[in-house]
Amino acid sequence: MTDTYLMRIGSLIRDARRHKGMTQEELAKALQTSQSAVARIEQGQQNLTLETLARIGESLDSEFVSLGRSGPQHLRIVGGTKLHGTIDVKTSKNAAVALLCASLLNRGRTTLRSLARIEEVNRIIEVLNSIGVRTQWLPGSNDLEITPPARLDLDAIDIEAARRTRTVIMFLGPLLHDHDSFQLPYAGGCDLGTRTVEPHMAALRHFGLDVVATHGFYEATTDHSRHPQRAIVLTERGDTVTENVLLAAARNEGQTIIRNASPNYMVQDLCFFLEILGVRIEGIGTTTLTVHGVGVIDKDVEYFPSEDPIEAMSLVAAAVVTGSTITIRRVPIEFMEIELAILEGMGMRYDLTPEYVSANGHTRLVDITTIPGPLTAPIDKIHPLPFPGLNIDNLPFFALIGAMAEGTTMLHDWVYENRAIYLTELTKVGAKVQLLDPHRVLIEGPTRWRAAEVMCPPALRPAVVVLLAMLAAPGTSVLRNVYVINRGYEDLADRLNALGATIEVFRDI
């Protein structure tokens, strides 16, 4: 190894050790070596074998050596077989990222239990680590422990990680309390067209936050003398804008009223978490929230996010498209009732268990057993609405279900400019999909699916729709570059394989 490489590796090891909250002495003990040896390694003054690097990586929960894993990840799917068995719904992606942002409000230690270990969560963790927050996955679990520093180092923010997720915009609400000025990189995530951030800015101005977009960053300044003088009326009933205002209101001493708030599942999870932090919130689950904030939050807390209704819908769609009987456990029924009602109208049958409560103590769960049978297209178009309407992220799965139904199904995706276009990728695996305009598609069924090789759409839900269609297509299909799926689903291929699917993860050599 050259001196330059040794120094770079040493810096990586030092940063990983600090993020894990270990001293050189503690790492030396784990490696059964001396503190001086660890110091030499971090200074780039010690030659390292692959075995030593692997041992260091294991001790620090970091992978410094990766064999055969360069390049994008692909899936090879052998389709045309029925699924069977039982599968649990994982906890919510969208709740997870909101709760990670909310941990910035707390000076104490936050432990999030059964958190989704997905790429979107990884990106937020990378951003948090870069500004000084210490995170640690507890051994043998999906529990994440989050410990803040005395002062965040916002100048050190990981720009690349921040730009790979839209969630970074939800740092605005927590950060405005303790910082006179700061900057955040422009937000990224799925390619769904232009999604204005103006509703966020308009709402957060009530708390003294002013933001100017310049040179790839949001430049934020805060006037701490300004506080909400009247109810904040959101110009759109968006999930993230509601969460951002909740995060600002949580530490705004006194009362904040939020009107036209989203009552969706991830917003409710955030409210339940804020209540554990000592923030009192009236109207959870409605469009008017009254928040009684506290100036300082310093508590060691733990919280269990609720289950993901979008993953639940994905699994229902997998059963429908493959004509399978499977049992989907831990379905948050409150956020699936409209979807199931539409499916009933199309002729789908299923069994439900009695309701029980999620680990967060609030969310109502059921188990669903799907019953295969013929479907007919709905008479009316299918379109999303704010909760309690059909969830906008569940709409793409009705393209898949519509392709199984007799007749023509119209989907109207009125929020996103681009996402309906990606549903035309289903034509490559045999579906008849006609794009009427950037927001509306017609799907004619039933479909004779066929195997194909497809580049993964750059939007999460349409990408999963193509994957599920490949499960139904006899023969071998390939879905290339599936990073976007890993953003929102944990071990999806392995979990579908446990139901009888044949999905192989591979990379090009």
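What you see is a predicted model, and the numbers here were worked out from it, not measured in a lab.

Undergrad: Would you mind going over the environment of alanine 231 in detail, with residue names and values included?
TA: Relative to the assigned elements, alanine 231 resides in the loop between strand S8 (217-222) and strand S9 (232-233). Once the C-alpha coordinates of alanine 231 and glutamine 255 are considered, the two residues, 24 residues apart in sequence, prove to be 9.5 Å apart. Residues in contact with alanine 231, not counting those within four places in the same chain, are Ile257 and Arg259.

Undergrad: Explain the side chain of serine 262 residue by residue, including any values.
TA: Positionally, serine 262 belongs in the loop between strand S10 (254-259) and helix H11 (265-276). Overall, the relative accessible area of 2% leaves serine 262 in the buried class. One polar contact links serine 262 to aspartate 239, side chain to side chain, over a distance of 2.6 Å. Setting aside residues no more than four positions away along its own chain, serine 262 makes contact with Arg237, Gly238, Asp239, Thr242 and Val267.

Undergrad: I'd like a rundown of the nonpolar core, residues and numbers included.
TA: If you look at the biggest cluster of nonpolar residues, it comprises 148 residues, and the most contacted ones within it are Phe171, Leu246, Leu426, Trp449, Leu468, Leu479 and Ile485. The dominant element in this core, judged by the number of residues it contributes, is helix H16 (residues 460-472), at 11 residues. Sequence-distant contacts of isoleucine 485, that is, excluding residues within four places in its chain, are made with Cys456, Leu460, Ala463, Val464, Leu467, Leu479 and Leu492. One finds Ala16, Leu27, Ile41 and Leu48 within the second-largest nonpolar core, a separate group that totals 13 residues.

Undergrad: Lay out the pattern of salt bridges with the relevant residues and their values.
TA: Opposite charge on two side chains allows them to pair when their charged atoms are near. Scanning the model with the defined rule gives 20 salt bridges in all. Note that glutamate 490 is salt-bridged to lysine 90, the shortest N-O span being 4.0 Å. With glutamate 490 in the loop between helix H17 (483-488) and helix H18 (492-497) and lysine 90 in the loop between strand S2 (84-88) and helix H5 (93-102), this residue pair connects regions lying 400 residues apart in the sequence. When its relative accessible area of 7% is taken as the criterion, glutamate 490 is described as buried. For glutamate 302, the salt bridge is made with arginine 113, and the minimal N-O distance between the two is 2.8 Å. Of the two residues, glutamate 302 sits in strand S13 (residues 301-303) while arginine 113 sits in the loop between strand S3 (110-112) and helix H6 (119-130), which places them 189 residues apart along the sequence. Since its relative accessible area comes to 40%, glutamate 302 is described here as partly exposed.

Undergrad: How would you sum up the sheet that holds strand S7 (residues 209-214)? Please name residues and give values.
TA: The three strands lie next to each other as S6-S8-S7, forming an open sheet whose pairing is antiparallel. Edge positions in the open sheet fall to strand S6 (181-185) and S7, since each of these has one partner strand only. Along the sheet, successive strands turn relative to each other by an average axial angle of 25°, direction set aside. Relative to S8, S6 runs antiparallel, the two sharing five bridges.

Undergrad: Hey, could you go over the packing of aromatic side chains for me, with residue numbers and the actual values?
TA: Summed over all chains, the structure comprises three aromatic pairs. On the basis of an interplanar angle of 65° and a centroid distance of 5.9 Å, the ring pair of tyrosine 265 and phenylalanine 335 is categorised as edge-to-face. With tyrosine 265 in helix H11 and phenylalanine 335 in the loop between strand S14 (325-332) and helix H13 (337-345), the pair connects residues that are 70 residues apart, well separated along the chain. Residue class for tyrosine 265 comes out buried when judged on its relative accessible area of 1%.

Undergrad: Can you tell me about a nonpolar patch on the surface, naming the residues and giving the values?
TA: A surface patch of nonpolar side chains, about 270 Å² in accessible area, is lined by Leu385, Trp414 and Val415. Locating valine 415 in the fold gives a position in the loop between strand S18 (407-412) and helix H15 (419-422).

Undergrad: Mind laying out the confidence of the model for the chain, listing which residues take part and the relevant values?
TA: Residues of the chain with pLDDT of at least 70 account for 95%, and the chain-wide mean is 90. Predicted confidence for residues 189-195 stays below pLDDT 50, and this span has 26 contacts to residues more than four positions away or in other chains.

Undergrad: So what's going on with the packing of helix H12 (residues 309-322) against H16? Which residues, and what values?
TA: Following both chains from N to C, one finds H12 and H16 inclined at 25°, their axes separated by 9 Å at the closest point. Judged on the interaxial angle alone, H16 and H12 are roughly parallel. Handedness of the H12/H16 crossing: right-handed. Taken together, the residues of H16 that come into contact with H12 (itself represented by Ile310, Ser314, Ala317, Ala318, Val321 and Thr322) are Arg461, Leu468, Ala469, Leu471 and Ala472. A breakdown of the residues in the contact of H12 with H16 according to their chemical character gives eight nonpolar, two polar and one charged.

Undergrad: Could you give an account of empty space enclosed by the protein, naming the residues involved and the relevant values?
TA: Going through the model one piece at a time under the given rule, you end up with one cavity of 30 Å³ or more. Its boundaries defined by the atoms lining it, the largest cavity holds a volume of some 30 Å³. Contributing to the lining of the largest cavity are Ser103, Leu104, Gly108, Thr110, Val133, Ile146 and Pro148. Residues that form the lining of the largest cavity fall into these classes: four nonpolar, three polar and no charged.

Undergrad: Outline helix H2 (residues 24-31), supporting the account with residue identities and numerical values.
TA: Those residues of H2 not exposed but buried are Leu27, Ala28 and Leu31. Down the axis of H2, the smallest arc covering the buried residues is 100°, so these residues share one side. Opposite the buried face of H2, by more than 90 degrees, sit the exposed residues Glu25 and Lys29. The first or second residue beyond H2 is glutamine 32, which carries a positive phi of 55°.

Undergrad: So, the pairing of strand S12 (residues 288-293): which residues are in play, and what are the values?
TA: In terms of burial, S12 is a largely internal element, five of the six residues being buried. Pairing of strand S11 (residues 280-282) with S12, which is carried by three bridges, proceeds in the antiparallel orientation. Bridge assignment links isoleucine 281 to a residue of S12, and that residue is valine 291. Between S11 and S12, which pair antiparallel in sequence order, lie five residues; one of them, glycine 283, sits at a positive phi of approximately 90°.

Undergrad: Residue-level account of H11, with values.
TA: Here H11 is 12 residues long and its end C-alpha atoms lie 17 Å apart, about the 16 Å a rise of 1.5 Å per residue gives. In terms of burial, H11 is a largely internal element, 10 of the 12 residues being buried. If you check which residues of H11 are buried, you get Tyr265, Met266, Val267, Gln268, Asp269, Leu270, Cys271, Phe272, Phe273 and Leu274.

Conventions we followed
Residues numbered from 1 in each chain as written. Predicted model: local features only at pLDDT ≥ 70, side-chain atom pairs only at ≥ 80, totals over all residues. Heavy atoms only, no water. Helix = DSSP H or I, 4+ residues; strand = E, 2+ residues; numbered from the N terminus. Contact = heavy atoms within 4.5 Å. Buried < 20%, exposed > 50% of the residue type's maximum accessible area, 1.4 Å probe, protein only. Polar contact = N/O pair within 3.5 Å; in protein donor to acceptor, adjacent residues only side chain to side chain. Core = buried A, V, L, I, M, F, W, Y, C linked by side-chain atoms within 4.5 Å. Salt bridge = Lys/Arg side-chain N within 4 Å of Asp/Glu carboxyl O. Pairing = 2+ DSSP bridges. Axes fitted to C-alpha atoms, helices over the stretch in contact; angles between N-to-C directions. Phe/Tyr/Trp six-rings, centres within 6.5 Å; stacked < 30°, edge-to-face > 60°. Patch = residues over 30% accessible without salt bridge, like charges linked within 9 Å, V, L, I, M, F, W, Y side chains within 5 Å. Areas by Shrake-Rupley, 256 points an atom, 1.4 Å probe, with all protein chains shown as cover. pLDDT = per-residue confidence, 0-100. Parallel < 35°, antiparallel > 145°, perpendicular 65-115°, else oblique. Left-handed = near helix turned anticlockwise from the far one by under 90°. Nonpolar A, V, L, I, M, F, W, Y, C, P; charged D, E, K, R; others polar. 1 Å grid on protein atoms, 1.4 Å probe; cavity = no way out; pocket = protein on both sides within 12 Å on 5 of 7 lines; lining within 4 Å. Points joined across faces, edges and corners; volume = space filled by probe spheres on them. Arc of directions from axis to C-beta. Expected span 1.5 Å × (residues − 1).

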